[in-house]
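Summary of the model geometry
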Amino acid sequence: MSPHTTSTPRFLDAVRPGRTHWLELPPHRTSVRSARHAMRARLDSWQVPDEACANAVLLVSELVTNAVLHTLSERILCGVGLTRDERFRLEVHDGDLSGRGIPDRRPGLDDENGRGLLLVREIAESWGITRSTLTGGNAVWASLATPL
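Predicted model, so just to flag it, every value in this text is computed and none were measured.

Here we look at the nonpolar core
Counting residues in each nonpolar core, the largest one holds 32 residues, and the members touching the most others are Leu43, Val64, Cys78, Phe88 and Leu90. Of all the elements in the fold, those that place two or more residues in this core are β2 (20-25), α1 (30-45), α2 (50-70), β3 (76-82), β4 (87-93), α3 (116-123) and β6 (138-145). Not counting residues within four places of it along the chain, the set of residues in contact with Leu43 comprises Val48, Cys53, Ala56, Val80 and Phe88.

Right, here's the structure in full:
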């Protein structure tokens, strides 16, 4: 399965028309790169400033990485929307039906992994996890202010 745009799911329906974008990805490590490139291209087309674009791309990269590495998903939905109050809403929906949510990791100084959600906490204005009505798994979201 290759990445492709999907119809707009419900979570981002409240954002401005023409300012949402969804990508459906297979659960492969190469999907992280695809998500980054697709996010950058979409935000560039919306003429989003470089710093805000870089932050959004980093957040999506971390969220898609978590979905790929830590869930047994058959597909991953990755969405971005620019809200009326000039904020980004980023969402990554996985297909993890276990109901266990996202584990809270506390990596040691020498650990090479486990810092993705720490980055999300630092960069995002707000973030959270809920159950996805689209996939039945986790829907991890983050919001960012966007100077336009």
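Here we look at the pattern of salt bridges
If the charged atoms of two oppositely charged side chains come close together, the side chains can form a pair. Scanning the entire structure with this criterion turns up two salt bridges. For Arg75, the salt bridge goes to Glu24, with nearest N and O atoms at 3.8 Å. Of the two residues, Arg75 sits in the loop between α2 and β3 while Glu24 sits in strand β2, which places them 51 residues apart along the sequence. You can call Arg75 partly exposed: its relative accessible area is 28%. Among the residues examined, Glu24 registers a relative accessible area of 11% and is labelled buried. Ionic pairing is found between Glu91 and Arg89, a salt bridge with its closest N-O pair at 2.8 Å. Looking at Glu91, the relative accessible area reads 1%, which means it is buried.

A few points about empty space enclosed by the protein
Considering all chains together, one arrives at two cavities of 30 Å³ or more under this definition. By volume, the second largest cavity is sized at about 30 Å³. Considering the residues around the second largest cavity, the lining is formed by His21, Leu23, Ala35, Ala38, Met39, Cys78, Gly79 and Val80. Elements represented by at least two residues in the lining of the second largest cavity include exactly β2, α1 and β3. Of the residues that constitute the lining of the second largest cavity, the class distribution is six nonpolar, two polar and no charged.

Definitions and cut-offs
Residues numbered from 1 in each chain as written. Predicted model: local features only at pLDDT ≥ 70, side-chain atom pairs only at ≥ 80, totals over all residues. Heavy atoms only, no water. Core = buried A, V, L, I, M, F, W, Y, C linked by side-chain atoms within 4.5 Å. Buried < 20%, exposed > 50% of the residue type's maximum accessible area, 1.4 Å probe, protein only. Helix = DSSP H or I, 4+ residues; strand = E, 2+ residues; numbered from the N terminus. Contact = heavy atoms within 4.5 Å. Salt bridge = Lys/Arg side-chain N within 4 Å of Asp/Glu carboxyl O. 1 Å grid on protein atoms, 1.4 Å probe; cavity = no way out; pocket = protein on both sides within 12 Å on 5 of 7 lines; lining within 4 Å. Points joined across faces, edges and corners; volume = space filled by probe spheres on them. Nonpolar A, V, L, I, M, F, W, Y, C, P; charged D, E, K, R; others polar.

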